[in-house]
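# Structural characterization, general
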Amino acid sequence: MDNAIEILGLRKAYKRFALDDVTFNVPQGYVMGLIGPNGAGKTTVIKLIMNLIRRNAGEVRVFGLDNLRHEREVKARIGFVYDVPRFPEDLRLGQIASALAPFYPKWDGGRFLALLDEFELSSRTVIKKLSHGMKMKFALALALAHDADLILMDEPTAGLDPVFRFELLEKLRAFIQDERKTVLFSSHITSDLERVADFITFIHKGRIVFSAGKDAILESWGVVRASDGSVRPDDIPGLRGYKQSEFSLEALTSDIAAARKRLGGSTACDKASLEDIMFFVSRGETHA
Amino acid sequence: MKIVISNSSPDPIYEQITRQVKAQIISADLREGDPLPSIRKLAQDLQISVITTKRAYEELEKEGFIDTVEGKGSFVAMQNKELLREKKMKLVEDKLSGAVDEAKLLGIGLAELKEMLVLLYKERG
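Please read all numbers here as calculations on a predicted model, not as lab measurements.

## A few points about the overall build of chain A
Helices and strands together make up the secondary structure of chain A, namely 10 helices and 14 strands. Relative to a compact globule of 288 residues, whose C-alpha radius of gyration would be 19 Å, chain A shows 21 Å and is just as compact. Each principal axis of the C-alpha distribution contributes one length, and for chain A these read about 65 × 40 × 35 Å. Per-residue burial for chain A yields a buried fraction of 39% across its 288 residues. When contacts within chain A are restricted to residue pairs at least 6 apart in sequence, those whose partners lie at least 24 apart make up 68%.

Dropping the structure here:
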């Protein structure tokens, strides 16, 4: 499997936060979801891929090319969609497209107009008249019109209503029909990724917790529930975090088969959702 | 090909797909040589991961229900007659077991049940 993005030993230190030795790959032809609580480092990773901030150490390769030495070439193949798209407020959509087009060798003006039509936008509308969701669609239309090979989205569904979100996810699945195309999509709304993502990378406090196939994760991780005292956290194989209350114990395991085998009928072992995983791993460190 | 995915089902999604495709092959709704949608197209239609549909197709291939031809796509396999017969036999056994359970509940003995079966069998020509 070829990788669209390879990230190796990436470091970035801020005063109160550091991205620490981040390493993962995004396989070409798939949707990768980057999840983690707010402040985990998702946006920092994406900004480093786009070279919007300076890294302290590590390497980023996009389509096999170093993202600093080949910055122009790499960026021409990426469609970048911000969480809050920033465009000059007083310009019309058409004017922005004309200003950006020269940067993209594969720009297709006809395709751009067709996409605006499909998204029910007009090239004569001024940016400040657009809602958040419409700006998002405009940014996506730009990315698709220059025939990007990689779509990079930072929290694209935050603040969108369910109808918009569903439409956006459908567009991503359609984009990936071409197996050379790749999507990296960060979100803390895990239900969006639960459905559409092929792979999940989970980042927490600047470190990678895991990066793996979504199905494999959802099949092996689970939540164990037991009444108080019947099971201690240390008894649970693959323990990754837990919550103890007066009456019950809830715990996350990365090995649900082993947990079922060891604990048997005395507990309930359910499949974990991505949200469960994010919640328990995030609080696990303070309670373990 | 008709597939419905339930999010609340305890069965993994790939299993829901393989079960439904197999059922349609056994019932002959899908026939030998019928093309299946591509892995990516099915993933798009069902709004699920490409990896999930890929795994479902791999399982179906392993069990001999479909063939995949590089560059052409996947098709319902030439049915192994023995295999299909075995599956239909299993279906008959399941239905008979159900009838036996009902009979036992009503206190119908084996001899009486045999008599009923013989009558029914003859009645249907």
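## Quick word on the interface of chain B and chain A
Between chain B and chain A, the residue contacts involve 12 residues of the former and 15 residues of the latter. Of all the secondary-structure elements, those providing two or more residues to the side of chain B that touches chain A are helix H2 (39-46) and helix H3 (50-62) of chain B. Per-class residue counts for the side of chain B that touches chain A are 5 nonpolar, 4 polar and 3 charged.

## Here's the deal with the sheet that holds strand S10 (residues 207-213) of chain A
All names here are of chain A. Strands sit in the order S6-S7-S8-S3-S9-S10 across an open sheet of 6 strands; the sheet is mixed. Of all the strands in the sheet, just strand S6 (78-81) and S10 have a single pairing partner and so form its edges. Within the sheet, the average angular offset between the axes of one strand and its neighbour, ignoring direction, is 15°. Bridging between strand S9 (residues 199-204) and S10 involves 6 bridges; their strand directions are antiparallel. Looking at S10, one finds that Ile200 is bridged to Ala212. In this fold helix H5 (residues 132-145) packs onto S6 and strand S7 (150-154), with an angle of close to 175° to the strand it touches most, S6.

## A short note on the domain arrangement of chain A
Residue and element names in this part refer to chain A. As far as domains go, chain A holds domain 1 (3-217) and domain 2 (221-287). One C-alpha centre belongs to domain 1, the other to domain 2; they are set 34 Å apart. At the interface, 10 residues of domain 1 touch 8 residues of domain 2. Grouping the constituent residues of the side of domain 1 that touches domain 2 by class yields 7 nonpolar, 2 polar and 1 charged.

## Details of the pairing of strand S12 (residues 239-244) of chain A
Residue and element names in this part refer to chain A. Bridge count between S12 and strand S13 (residues 248-253): 5 bridges; the pairing is antiparallel. The residue of S13 that forms the bridge with Gly241 is Leu252. Adjacent in sequence and paired antiparallel, S12 and S13 are bridged by 3 residues.

## A short note on the sheet that holds strand S11 (residues 222-227) of chain A
Residues and elements named next belong to chain A. As summarised here, the arrangement of the 4 strands in space is S12-S13-S11-S14, forming an open sheet in which the pairing is antiparallel. Edge positions in the sheet fall to S12 and strand S14 (268-271), since each of these pairs with one other strand and no more. Strand-to-strand twist of the sheet, defined as the mean angle between neighbouring strand axes without regard to direction, takes the value 20°. The sheet contacts of helix H9 (residues 256-263) involve S11, S13 and S14, and relative to S11 the element is tilted by about 25°.

## Notes on H5(A)
All names here are of chain A. With 14 residues, H5 should cover 20 Å at 1.5 Å per step; its first-to-last C-alpha distance of 20 Å lies within 8% of that length. In terms of residue burial, H5 counts as a mostly covered element, since 11 of its 14 residues are buried. Listed in full, the buried residues belonging to H5 are Lys135, Met136, Lys137, Phe138, Ala139, Leu140, Ala141, Leu142, Ala143, Leu144 and Ala145. On its buried side, H5 packs onto S6, helix H3 (93-100), helix H4 (109-118), S7 and helix H6 (162-175). In the stretch just after H5, Asp147 is the one whose phi turns positive, near 55°.

## A word on the nonpolar core
Residue and element names in this part refer to chain A. Ranked by size, the top nonpolar core spans 97 residues in total, and within it Val31, Met32, Ala141, Leu252 and Ile277 carry the most contacts. For this core, the element with the most residues is H5, which contributes 9 residues. Apart from the residues within four sequence positions on either side, Met32 is in contact with Val26, Val183, Leu184, Phe185, Ala197, Phe199 and Thr201.

Rules behind the numbers
Residues numbered from 1 in each chain as written. Chains lettered and ligands numbered in written order. Predicted model: local features only at pLDDT ≥ 70, side-chain atom pairs only at ≥ 80, totals over all residues. Helix = DSSP H or I, 4+ residues; strand = E, 2+ residues; numbered from the N terminus. Rg over C-alpha atoms; globule rule 2.2 N^0.38 Å. Buried ≥ 20, exposed ≤ 12 C-beta atoms within 10 Å, placed from the backbone. Contact = placed C-beta atoms within 7 Å. Nonpolar A, V, L, I, M, F, W, Y, C, P; charged D, E, K, R; others polar. Pairing = 2+ DSSP bridges. Axes fitted to C-alpha atoms, helices over the stretch in contact; angles between N-to-C directions. Domains from an automatic or database assignment. Expected span 1.5 Å × (residues − 1). Core = buried A, V, L, I, M, F, W, Y, C linked by C-beta atoms within 7 Å.

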